[in-house]
Amino acid sequence: MASPTVKLNSGYDMPLCGFGLWKVSNDTCADTVYNAIKAGYRLLDGACDYGNEKECGEGVARAIKDGLVKREELFIVSKLWQTFHDVDKVEPITRRQLADWQVDYFDLFLIHFPVALEYVDPSVRYPPGWHYDGEKEIRWSKTTNQETWGAMEGLVEKGLARSIGVSNYQAQTLYDTLKYAKIRPATLQIELHPYLQQVELVKLAKHEGIVVTAYSSFGPTGFIELDMDNAKTAAPLMEHEAIKAMAAKYNKTPAQVLLRWATQQGLAVIPKTGRPAVMLQNLDCFSFDLDEEDNKRIAKMELNLKFNKPTNYFSADNLWIFG
Ligand code: NAD
């Protein structure tokens with residue numbers, strides 16, 4: 001099974017359904033990547049912060065060696081972590097990440113969060129995480145998003161990334177980027193599910209020709225494994241009565257309904273699972289359409305409920321920007 005693609009403003013085609021790599025443990029990651037490619041996934045969504053890029057590279061290398069896929073058929077996405085926003089740090093860390101993946105370019109490289117943190121040398125700790133001391137101290141860097149974006153553009157000029165984009169940006173950060181970008185962001189990756197529909201931001205991105213990738217399509221489910229309180233108390237989307245009714249109506253699973261709700265709007269999705277049968281199920285999120293009544297029903301499920309906020313993972317009294 002193959003995913004349809006969408007044309008990015010960079011001219012490259014990106015699969016609309018990819019495979020997410022957050023919280024994939026190091027011991028299973030190479031096999032998971034290999035199995036995802038075998039199942040038909042061509043987009044792999046990684047990041048320095050996921051701490052598993054070396055194992056992702058091993059999975060990719062094995063899949064290529066076994067003839068499952070060629071490098072040029074894959075669409076490899078990675079992300080710049082906040083401690084590498086300083087202009088002179090962007091290229092070296094990208095080269096390290098490419099080496100981990102065993103490839104010489106990323107199809108798409110994203111700014112993970114629009115926040116610069118003080119540099120932590122990879123020999124001290126890698127991935128560095130949010131805290132300067134690895135425990136609780138948050139140290140900002142003075143580098144601006146404009147400076148970092150300039151360095152991201154340098155990656156395209158050097159052939160290290162084919163497309164560049166942003167993640168966890170809101171409207172004002174995006175508008176600002178568009179003022180100075182010589183290369184416009186190709187994609188915007190944001191948390192998006194029926195409890196957090198991001199209607200205005202999606203409209204803005206579409207208007208500006210930026211493709212939106214929706215992450216955490218299943219809402220609380222992906223955060224329960226992190227033992228997060230507001231995820232544990234939220235009603236699971238896959239067990240929501242309306243979503244279950246739609247699944248029965250279209251003869252699909254609730255997960256497929258949630259993914260289709262996004263892809264039908266032209267949004268890309270990047271679900272993750274370790275189970276090959278579920279990999280196939282999630283990839284099959286294009287073969288039916290939710291009707292208007294069902295789309296209206298989901299529109300009413302908006303709660304403005306965001307799970308992926310750093311302050312939900314740890315307490316820090318200077319992270320109110322994510323409030
Ligand atoms: P997810 O969509 O991967 O959902 C995760 C949970 O749903 C897992 O527990 C999985 O086992 C379960 N699941 C998956 N398919 C299922 C199915 N068909 N039926 C039942 N259960 C199913 O959520 P996520 O991990 O939050 O996000 C997905 C990807 O998005 C990540 O892997 C990562 O690549 C990306 N992401 C990016 C950011 C960012 O800041 N840019 C943040 C979060 C996630």
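- The name an unreviewed UniProt entry gives the protein is NADP-dependent oxidoreductase domain-containing protein, with Bionectria ochroleuca as the organism.
- On record in UniProt, under Pathway (unreviewed entry), the comment for the protein is "Carbohydrate metabolism; D-xylose degradation."

1. Here's the deal with the site of the ligand
Okay, step 1: In the vicinity of the ligand there are 27 residues, among which Gly20, Tyr215, Gly222, Ala255 and Lys272 approach most closely.
Okay, step 2: Elements with a contribution of two residues or more to the shell around the ligand: α7 (221–224) and α11 (276–283).
Okay, step 3: The biggest single contributor to the shell around the ligand is α11, with three residues.
Okay, step 4: Considered class by class, the residues forming the shell around the ligand number nine nonpolar, 14 polar and four charged.

2. Quick look at the UniProt feature "domain: NADP-dependent oxidoreductase" (unreviewed entry) in the protein
Okay, step 1: Those places that UniProt annotates as "domain: NADP-dependent oxidoreductase" (unreviewed entry) correspond, in this numbering, to residues 19–300.
Okay, step 2: For residues 19–300, the end-to-end C-alpha separation is 28 Å, with 42% helix and 13% strand making up the annotated structure.

3. Focus: unusual backbone geometry
Okay, step 1: Cis geometry marks the peptide bond from Tyr126 to Pro127; its omega dihedral reads -5 degrees.
Okay, step 2: Here Pro127 shows up in the loop between β6 (106–111) and α4 (145–157).
Okay, step 3: One non-glycine residue with positive phi stands out, namely Gln198, at about 55 degrees.
Okay, step 4: Position of Gln198 relative to the elements: it lies in the loop between β8 (187–191) and α6 (199–207).
Okay, step 5: The backbone of Asn251 sits at a positive phi, close to 60 degrees, despite the residue not being glycine.
Okay, step 6: Here Asn251 is to be found in the loop between α9 (241–250) and α10 (254–263).

4. What about helix α3 (residues 87–101)?
Okay, step 1: Given a rise of 1.5 Å per residue, 15 residues ought to cover 21 Å, and the 22 Å separating the end C-alpha atoms of α3 matches this to within 8%.
Okay, step 2: The complete set of buried residues in α3 reads Lys89, Val90, Thr94, Gln97, Leu98 and Trp101. For α3, the angular spread of the buried residues around the axis is 160 degrees, confining them to a single face. Opposite its buried face, α3 presents the exposed residues Asp88 and Pro92, each directed more than 90 degrees away.
Okay, step 3: Elements that come into contact with the buried residues of α3 comprise α2 (53–65), β5 (75–80), β6 and α4.
Okay, step 4: Count one or two residues on from α3 and you reach Gln102, which has phi positive near 60 degrees.

5. A word on the packing of helix α1 (residues 26–39) against α11
Okay, step 1: Across the interface, α1 lies against α11 with an axial gap of 9 Å and an inter-helix angle of 45 degrees. Compared by their axis directions, α1 and α11 come out oblique. Seen from above, α1 lies across α11 with right-handed handedness. On α11, the residues touching Asn35, Ala36 and Ala39 of α1 are Pro276, Met279, Leu280 and Leu283.

6. Let's talk about the nonpolar core
Okay, step 1: Residues Leu44, Phe109, Val212, Ala214 and Val269 are the most contacted members of the largest nonpolar core, which totals 74 residues.
Okay, step 2: Among the elements that line this core, the one with the most residues is α10, at six residues.
Okay, step 3: What Ala214 contacts, discounting residues up to four positions off in sequence, is Ile190, Leu192, Ala262, Leu267, Ala268 and Val269.

7. Focus on the packing of α1 against α2
Okay, step 1: Interaxial distance between α1 and α2 falls to 7 Å at its minimum, and their mutual angle equals 35 degrees. At the point where α1 passes α2, the crossing takes the right-handed sense. For the pair α1 and α2, the contacting residues are Asn26, Cys29, Ala30, Asp31, Thr32, Val33, Tyr34 and Ile37 in the first and Glu55, Cys56, Glu58, Gly59, Val60, Arg62 and Ala63 in the second.

8. Points about the pairing of β6
Okay, step 1: When you tally the buried positions in β6, you get six out of six residues, the bulk of the element.
Okay, step 2: Of the pairings in the sheet, the one linking β5 to β6 comprises four bridges and is parallel in character. Bridged to Ser78 within β6 is Phe109.
Okay, step 3: Following the chain from β5 across α3 to the adjacent parallel β6, one finds a crossover that is right-handed.
Okay, step 4: Judged from the five bridges that link them, β6 and strand β7 (residues 161–167) form a sheet pairing that is parallel. Across the sheet, Ile111 pairs through a bridge with Val166, a residue of β7.

9. Re the environment of Asp49
Okay, step 1: Within the secondary structure layout, Asp49 lies in the loop between β4 (43–45) and α2.
Okay, step 2: Using a count of 20 C-beta atoms within 10 Å as the deciding quantity, one classes Asp49 as buried.
Okay, step 3: When neighbours within four sequence positions are excluded, Asp49 is seen to be in contact with Trp81, His112 and Pro127.

10. A short note on the pairing of β5
Okay, step 1: Most of β5 sits inside the fold, with six of its six residues counted as buried.
Okay, step 2: Across three bridges, the pairing between β4 and β5 is parallel. Bridge pairing links Leu44 to Ile76 in β5.
Okay, step 3: Viewed along the sheet, the connection from β4 through α2 into β5 turns out right-handed.

Each value, and the rule that gives it
Residues numbered from 1 in each chain as written. Predicted model: local features only at pLDDT ≥ 70, side-chain atom pairs only at ≥ 80, totals over all residues. UniProt positions renumbered as here; feature names shortened; annotations may be inferred. Near = placed C-beta within 6 Å. Helix = DSSP H or I, 4+ residues; strand = E, 2+ residues; numbered from the N terminus. Nonpolar A, V, L, I, M, F, W, Y, C, P; charged D, E, K, R; others polar. Expected span 1.5 Å × (residues − 1). Buried ≥ 20, exposed ≤ 12 C-beta atoms within 10 Å, placed from the backbone. Arc of directions from axis to C-beta. Contact = placed C-beta atoms within 7 Å. Axes fitted to C-alpha atoms, helices over the stretch in contact; angles between N-to-C directions. Parallel < 35°, antiparallel > 145°, perpendicular 65-115°, else oblique. Left-handed = near helix turned anticlockwise from the far one by under 90°. Core = buried A, V, L, I, M, F, W, Y, C linked by C-beta atoms within 7 Å. Pairing = 2+ DSSP bridges. Right-handed = clockwise from strand over helix to strand, strands pointing away.

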